[in-house]
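Here is how the chains run, residue by residue.
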Amino acid sequence: MAAGGGLAGLLPAQTQLEDALEDALTPQQKENLVYQYLRKVDAWGRALQVPEFGADLQWLNTESPLSLYKDLCGKVVVLDFFTYCCINCIHLLPDLHELEEKYLAKDGLLVVGVHSAKFPNEKVLDNIKSAVLRYNITHPVVNDADATLWHELEVSCWPTLVIVGPRGNMLFSLVGEGHKDKLFLLTSIALKYYREQGQINTNNIRTQLYRDSLFPSPLLFPGKVTVDSSGDRLVIADTGHHRILVVKKNGQILHTIGGPNCGRKDGTFSEASFNSPQGVAIKNNIIYVADTENHLIRKIDLQMEVVSTVAGVGIQGMDKEGGARGEDQPISSPWDVAFGTSVSAIHEDDVLWIAMAGTHQIWALMLECGKLPKGSDLKKGTCLRFAGSGNEENRNNSYPQKAAFAQPSGLSVAAEEPWSYLFVADSESSTVRTISLKDGAVKHLVGGERDPMNLFAFGDIDGAGINAKLQHPLGVAWDKRRNLLYIADSYNHKIKFVDPKMKNCATLAGSGEASNVIGSSFTTSTFNEPGGLCVEENGSLLYIADTNNHQIKVLDLETKIVSLLPLVNDETLDTVDAPSVQKTDMAKLPKLPKSAPNLQLPSLTVNPGQALQFMLKLSLPPNSKLTEEAPSAWFLTTEGSEWLLYEQNMSGEIEEISKQPVIPLQIPTNCLSAEVVLSIKVCLYYCSKDNSACMMKGISFNQPLHIANVKQGSIAPIELIYAF
C-alpha cells in the first residue's frame, strides 16, 4: 500500500468532515459536505487503494471466493471487521441487516464480513460457520485468520467498518458501535455520488448460504440450561429457535414457549416471542429469561401460561447506572440471570442478578423491596447497576462500582456459609470472578492476569488462581454438595471445576477438541463451545448446553459417563387393549407414530465398502414389557439415496428388550453421492406388566454419512441410546 494509505491516510480528512457534520443544520447541508469530501478523497486514487483479497482466504455464504476488483468492482462495499465473541460486534449486526434491506446488491451496495479473530478458537472455519448461523449473517464472510487484511488496512479494534468505493478506494471508516445514522448517511450519499459518476454496477453477487445446508435438529445453538430445585424439570434456552423449553429430566417436553422465529411480544405461550434468549432461572412455577437481542428480561408464569416483560424497553440501552422501574429502564444485551437474596431480605431469592454483557456490568432487578451490599433501600421492581464501572476491563476492587468486567456472560450463586458469593464468568477477560454478597467486593478467582487492561491472557492450562488459563468461559454452576464451581470453558471445548478455597482449576470433561463424542467417559467425551451448565440440587448430574452441537448433555458425576438428553414431545400415543393387538406383517414396514421423536446423530465419515454396526440400547418405562402378540421391529430408510440400501437387510424384529439386535450396514463400493442421511427407525409395542394396556411408541435416529476415500481403520459400533 502506498505511503500515507490505510485508515491513517483517511483520518485527517474524515475528522474534518465529522466536525463539519456536527455543525450542519439541515440534511441538505450534510449531503453537500459529504459530496465535497467524496470529491476530495476520490481524487487521491491509488493512495487509498484497498489490497485485493488473498487467494488463499476461506469464504462463507458465497459460491466461490470473491475478488474485490472483479466481483465487487462497481460496488460500494462495507467491510465489517468483527470477531464473533465481541458483544459490540453483535450490537452492530442489526444496523448492517437494516442497511442490507434498504440497499441491495443491484442498488450497488454489498456488506462483507471480515472475521479477524481474537481467540485462536475463532480462527477455525467451522466455528465461524456456527457463529454465522447463530447470528443470522447472510452476507459474504471472509476468514481473515492471520489478520492480513486487518493489518494492511491498519484496523485497530473491533468492530470497525471500512466503506470502500467502486474502484476499491477507501472512503470512510467507523470505529466501534453506535454509528447507525452516520453509516446510513455516508453509504446513501456514496451510492448517489458514484451512480451519478456512472461507476455503479447493478449485477448480483452469487451467494450460497451456509444455513441452507444444515439438517434440522430439535435444538439450535442452546445457550443456557437450568434445573429447578426438585430436579424434575429443566429449562432450556433454545437460542437459535428463539424459544424456551421446559422439559422433564427424561427429555419429555412439557412447554414450548415462543419460536421458531424471532420477535418481541408478550402474551400466551403460543403468542409470545423472543430474540436469541440466553440465561434462564426458575423458582417454583416462575421463570426469568435474559432475552438477549431484545435487550429485555422476561417473566414466564408456568401456571398462568403467560409471558410478560419485567425489565428493558426493547432497544439497546446505553445507561450504565439504572435506577428506574424495570419496565422503564433501558438495558443492554443481558446474557445470564440468577436468583439472589438481598442483605436485608425478608424473603429468599428477592433479587434477580443480571450479567449485563452489553455494558460490561452486573445489574440487579429487585423482586421485592430490599437493600444491596453497600447500597440504600430499594423499591420492588427497581433495576440498577450493582457492580462494574462500564469500562471493559479485568479490574477488581473492594467497591463493586469501581470494579470492571469484560462481557460477563455467566452467573451462579453460592449463598450458604462460608461462601456467600456471586460467581461471574467474565468471558472477554477469560476469567472467573467473585462478588461478595456481604460487602460487594469483587475479586479474582481463576484465569486472566494481573494487568486489568490486558484482555488477551487466555489459554488452556490447569492450575491455581492466575496460573490457570481459560479461553472465553461463558457459564458457571455452583455444586453446594461438593463445594465446587463448574465452568463452561467454551472456546477450549471443556468443562472445568474450581475449588474456590484453594483456587485450583482442573479439567473435568472434554478433550479440548471441538467435536461430538457421546456415551463415553469424561476424559474421552467432547464438546463444541459449551455455553451454559447447571447442577442438580443433590449434585449427582451436571447438565451442559453444548451449544454448537445443538444438544443438552448429561454428565453423571458419580459414574463419570456422558450421555445425551433426548427431547420428545408430550403427545398421547395410541393405547389399545392388549388382546386386540394383531401380529404385524413384516413385509410391510410399520409407520411410526406422529409423535415419534426424530434424533439427529453427529455426521460420520466413512469409506466406500466399509461395514458399520448400529447397536440399539433402548429402555422401557418401569413395570413394562414388550408385547408378545405384536412384534417390535427396526427398519432402515433413506430418501433419495435408495442405492445405499441395495441388497441390505432393511428390517428385523426385536424379540427381547434385554437382547437388542446389532443392525449391520455395508457401504456400497460404488457410491452415487457423497452425502447421505440414513434413518434407523424402531417401532416398539409394549404393555404394562399386568397386561391391562399396550402402547406403541417409536423413535427415529437420523445418521448423516459423508462418504469419502479417507485413510481410517474400523469404526466402533454406533450406540443408539434412548429411554421411552
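Residues numbered from 1 in each chain as written. Predicted model: local features only at pLDDT ≥ 70, side-chain atom pairs only at ≥ 80, totals over all residues. Heavy atoms only, no water.

1. A short note on the packing of aromatic side chains
Then step 1. Taken as a whole and assessed by the stated rule, the structure comprises 17 aromatic pairs.
Then step 2. Judged by centre distance (6.5 Å) and plane angle (45°), the ring pair of Phe456 and Phe458 falls under tilted.
Then step 3. What makes Phe456 partly exposed here is its relative accessible area of 48%.
Then step 4. Taken together through their ring pairs, the aromatic side chains of Phe81, Tyr84, Phe119, Trp150, Trp158, Phe456, Phe458 and Tyr491 make up a single cluster.
Then step 5. Here Lys118 stacks its cationic end above the ring of Phe456, 5.0 Å away from the centre of that ring. (Phe/Tyr/Trp six-rings, centres within 6.5 Å; stacked < 30°, edge-to-face > 60°. Buried < 20%, exposed > 50% of the residue type's maximum accessible area, 1.4 Å probe, protein only. Lys NZ or Arg CZ within 6 Å of the ring centre and 35° of its normal.)

2. Details of empty space enclosed by the protein
Then step 1. If you walk through the whole model with that rule in mind, you get one cavity of 30 Å³ or more.
Then step 2. Reported here for the largest cavity is a volume of approximately 260 Å³.
Then step 3. Along its surface, the largest cavity is lined by 22 residues, and Arg134, Tyr135, Gln278, Trp335 and Leu474 are the ones closest to its centre.
Then step 4. Here the lining of the largest cavity is composed, by residue class, of eight nonpolar, 10 polar and four charged. (1 Å grid on protein atoms, 1.4 Å probe; cavity = no way out; pocket = protein on both sides within 12 Å on 5 of 7 lines; lining within 4 Å. Points joined across faces, edges and corners; volume = space filled by probe spheres on them. Nonpolar A, V, L, I, M, F, W, Y, C, P; charged D, E, K, R; others polar.)

3. Some remarks on helix α4 (residues 125-134)
Then step 1. Summarising burial for α4: eight of the 10 residues are buried, a large majority.
Then step 2. Of all the residues in α4, the buried ones are Leu125, Asn127, Ile128, Ser130, Ala131, Val132, Leu133 and Arg134. (Helix = DSSP H or I, 4+ residues; strand = E, 2+ residues; numbered from the N terminus.)

4. Points about the nonpolar core
Then step 1. Among the nonpolar cores identified, the biggest contains 76 residues, and Leu72, Leu79, Phe81 and Phe172 are the most heavily contacted of them.
Then step 2. Here this core takes eight residues from helix α6 (residues 180-196), the largest share from any one element.
Then step 3. Among residues more than four places away in sequence, those in contact with Leu72 are Phe53, Leu66, Ser67, Val77, Leu110, Val112 and Ile205.
Then step 4. Core analysis: the next-biggest nonpolar cluster, separate from the first, contains 34 residues, Ile654, Ile699, Leu705 and Phe724 among them. (Core = buried A, V, L, I, M, F, W, Y, C linked by side-chain atoms within 4.5 Å. Contact = heavy atoms within 4.5 Å.)

5. Considering the packing of helix α1 (residues 6-23) against helix α2 (residues 27-42)
Then step 1. For the pair α1 and α2, interaxial distance at closest approach is 10 Å and the crossing angle is 170°. It follows from the interaxial angle that α1 and α2 lie roughly antiparallel. Contacts between α1 and α2 involve Leu10, Ala13, Gln14, Gln16, Leu17, Ala20 and Leu21 from the first element and Lys30, Leu33, Val34, Tyr37, Lys40 and Val41 from the second. (Axes fitted to C-alpha atoms, helices over the stretch in contact; angles between N-to-C directions. Parallel < 35°, antiparallel > 145°, perpendicular 65-115°, else oblique.)

6. Structural notes on the sheet that holds strand β5 (residues 160-164)
Then step 1. Pairing within the open sheet is mixed, and its six strands lie in the order β1-β4-β3-β2-β5-β6. For this open sheet the edge positions go to β1 (58-60) and β6 (170-175), each flanked by a neighbour on one side alone. Taking each pair of neighbouring strands and ignoring which way they run, the sheet shows an average axis angle of 20°.
Then step 2. Relative to β5, strand β2 (residues 76-82) runs antiparallel, the two sharing five bridges. Bridge pairing in β5 links Phe81 to Thr160.
Then step 3. Together, β5 and β6 form the strand contacts of α1, whose direction differs from that of β6 by roughly 80°.
Then step 4. Packing against the sheet, α6 makes contact with β2, β3 (109-115), β5 and β6, and its axis sits at approximately 170° to β6. (Pairing = 2+ DSSP bridges.)

7. Re the environment of Leu555
Then step 1. With respect to the helices and strands, the residue Leu555 is situated in strand β34 (residues 551-556).
Then step 2. For the pair Leu555 and Val677, spaced 122 residues apart in sequence, the C-alpha separation works out to 28 Å.
Then step 3. The contacts of Leu555, once residues within four sequence positions are left out, are Leu508, Ala509, Phe522, Phe527, Ser540, Leu541, Leu542, Ile544, Ile561 and Val562.

8. Quick notes on the sheet that holds strand β23 (residues 408-414)
Strand pairing in a sheet is mediated by backbone hydrogen bonds. Such pairs are either parallel or antiparallel.
Then step 1. Taken together, the four strands give an open sheet; going across it, the order is β23-β24-β25-β26, and neighbouring strands pair in antiparallel fashion. Strands at the two margins of the open sheet, each flanked by one partner only, are β23 and β26 (442-447). Within this sheet the neighbouring strands show an average axis-to-axis angle of 25°, counted without direction.
Then step 2. Pairing between strand β24 (residues 421-426) and strand β25 (residues 431-436): six bridges, direction antiparallel. Following the sheet pairing, Tyr421 is matched in β25 by Ser436.

9. Quick notes on the pairing of strand β9 (residues 243-248)
Then step 1. Along β9, five of the six residues are buried, which leaves the element largely enclosed by surrounding structure.
Then step 2. As paired strands, strand β8 (residues 233-238) and β9 are joined by six bridges and run antiparallel to one another. Across the sheet, Leu234 pairs through a bridge with Val247, a residue of β9.
Then step 3. As judged from the five bridges shared by β9 and strand β10 (residues 252-258), these two strands associate in the antiparallel manner. Bridge pairing in β10 links Val247 to Ile253.

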